[in-house]
Amino acid sequence: MIDSRFYKILDEITSIVILQFLWMAACLPVITIIPSTVALFACIRGKFFRGSDSLIRRFFKEIKKEFWRSNLAGIPLIIIFISLSQYYFISGSSVLELLVFAAVSMMLTIYILFLLHLTAVHVHMTFNGKELFKNSFLLVFFQPLKSIAVMLVIVCILLLSFYLPILFFLCTVSLIGYVSVYFILSKLHGLKLNQEAD
């Protein structure tokens, strides 16, 4: 039977691989990396709500829709991320350096979670800029076990991809997106928010 559990699992795996290839192809021009990532999250969100949508058509539609908006908001956020990352690679063993390393690690973890929440909320809700940033940040700390689960799964995916580099080409980014959207939307549903984006 075509609607069997096996078919559904196979469909999800196929979608993850297709989205990974679409994302990599769309990221070849550097300027499209941020819109492509937003489009990836939008397609994953669409799979949860409208599983029959055409991934390819929706993906490129979302890139076109989000190109200017996501770059204007995303480039400053990426610059902040890169700036924070510089402190992460400070070498040394003094107490002060270890404290700086621990503080920066915590800040980077929270910031990465914020970016994931920001992207997922953006493709799911209809908030203005200020509300989007505020609610995305607060959502990081709502149901913290889910935020921790997101980070742990991401670390596992990256470690597995490090030992099996083929996964970088097959599913790493799309799988991270899938896990992030799943957990973050479950938070939103826990809050009973119904302002779904089109």
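Residues numbered from 1 in each chain as written. Predicted model: local features only at pLDDT ≥ 70, side-chain atom pairs only at ≥ 80, totals over all residues. Heavy atoms only, no water.

K.L.:
Which parts of the structure should I look at to understand the overall build of the chain?
P.N.:
A tally of regular secondary structure across the chain gives eight helices and zero strands. Listing each helix as α and each strand as β along the chain from the N terminus yields α-α-α-α-α-α-α-α. Taken over 198 residues, the chain has a buried fraction of 39%. For the chain, long-range pairs separated by at least 24 residues make up 71% of all intrachain contacts whose partners lie at least 6 apart in sequence. (Helix = DSSP H or I, 4+ residues; strand = E, 2+ residues; numbered from the N terminus. Buried < 20%, exposed > 50% of the residue type's maximum accessible area, 1.4 Å probe, protein only. Contact = heavy atoms within 4.5 Å.)

K.L.:
Sorry, what's going on with the environment of alanine 120 here?
P.N.:
Within the secondary structure layout, alanine 120 lies in helix H4 (residues 95-124). Relative accessible area serves as the criterion here: at 1%, alanine 120 is assigned to the buried category. Alanine 120 sits 16 residues away from serine 136 along the chain, and the two C-alpha atoms are 8.7 Å apart. If we ignore the near neighbours within four places in the chain, the residues touching alanine 120 are Phe41 and Ile184.

K.L.:
Help me understand the packing of aromatic side chains in this model?
P.N.:
Remark: the centre distance and the inter-plane angle together describe each pair of aromatic rings, the angle taken between the planes. Scanning the model with the defined rule gives ten aromatic pairs in all. Plain terms: the ring middles of phenylalanine 67 and tryptophan 68 are 5.0 Å apart, the flat faces sit at 90° to each other, and that makes the pair edge-to-face. The exposure class of tryptophan 68 is exposed, given its relative accessible area of 66%. Chaining the aromatic ring pairs together yields one cluster made of Tyr111, Phe114, Phe133, Phe137 and Phe141. (Phe/Tyr/Trp six-rings, centres within 6.5 Å; stacked < 30°, edge-to-face > 60°.)

K.L.:
How should I be thinking about helix H5 (residues 129-141) in this particular structure?
P.N.:
Since one α-helical turn is 3.6 residues long, residues separated by three or four positions face the same way. Of all the residues in H5, the buried ones are Leu132, Ser136, Leu139 and Val140. What you see down the axis of H5 is that its buried residues fit within an arc of 105°, all on one side. (Arc of directions from axis to C-beta.)

K.L.:
Could you clarify how one ought to interpret the pattern of salt bridges in this entry?
P.N.:
Side-chain pairs of opposite charge can arise whenever the charged atoms involved come near each other. Going through the model one piece at a time under the given rule, you end up with four salt bridges. Among the salt bridges present, the one from aspartate 11 reaches lysine 47, with a minimum N-O distance of 2.8 Å. Taken as a pair, aspartate 11 in helix H1 (residues 5-26) and lysine 47 in helix H2 (residues 33-49) lie far apart in primary sequence, 36 residues in all. Accessibility expressed as a relative area gives 10% for lysine 47, which makes it buried. The closest approach of N and O atoms between arginine 69 and glutamate 66, which form a salt bridge, is 2.9 Å. With a gap of three residues between them, arginine 69 and glutamate 66 both fall in helix H3 (residues 55-88), about one helical turn apart. Accessibility expressed as a relative area gives 3% for glutamate 66, which makes it buried. (Salt bridge = Lys/Arg side-chain N within 4 Å of Asp/Glu carboxyl O.)

K.L.:
Teacher, can you tell me more about the packing of H1 against H2 here?
P.N.:
Relative orientation and spacing of two packed helices are given, respectively, by the angle between their axes and the distance between those axes. The contact between H1 and H2 brings their axes to 9 Å, and the two run at 165°. The orientation of H1 with respect to H2, classified from their angle, is roughly antiparallel. As for how H1 packs across H2, the hand of that crossing is right-handed. Contacts between H1 and H2 involve Asp11, Glu12, Ser15, Leu19, Trp23 and Ala26 from the first element and Ile33, Ser36, Thr37, Leu40, Cys43, Ile44 and Lys47 from the second. Residues that form the contact of H1 with H2 fall into these classes: seven nonpolar, three polar and three charged. (Axes fitted to C-alpha atoms, helices over the stretch in contact; angles between N-to-C directions. Parallel < 35°, antiparallel > 145°, perpendicular 65-115°, else oblique. Left-handed = near helix turned anticlockwise from the far one by under 90°. Nonpolar A, V, L, I, M, F, W, Y, C, P; charged D, E, K, R; others polar.)

K.L.:
Explanation requested: unusual backbone geometry in the structure shown.
P.N.:
Apart from glycine, the bulk of residues carry a negative phi angle, and the bulk of peptide bonds sit in the trans form. One non-glycine residue, glutamine 143, lies in the positive phi region at around 50°. Along the chain, glutamine 143 turns up in the loop between H5 and helix H6 (144-163). What makes glutamine 143 partly exposed here is its relative accessible area of 28%.

K.L.:
Can you help me understand the nonpolar core in this one?
P.N.:
Soluble globular proteins: nonpolar side chains tend toward being buried together. In terms of nonpolar packing, the biggest core is built from 46 residues, with Leu19, Phe59, Phe114 and Val121 touching the most fellow members. The element contributing the most residues to this core is H4, with eleven residues. Each residue touching phenylalanine 114, except ones within four places of it in the same chain, is listed here: Leu77, Phe133, Ser136, Phe137 and Val140. (Core = buried A, V, L, I, M, F, W, Y, C linked by side-chain atoms within 4.5 Å.)

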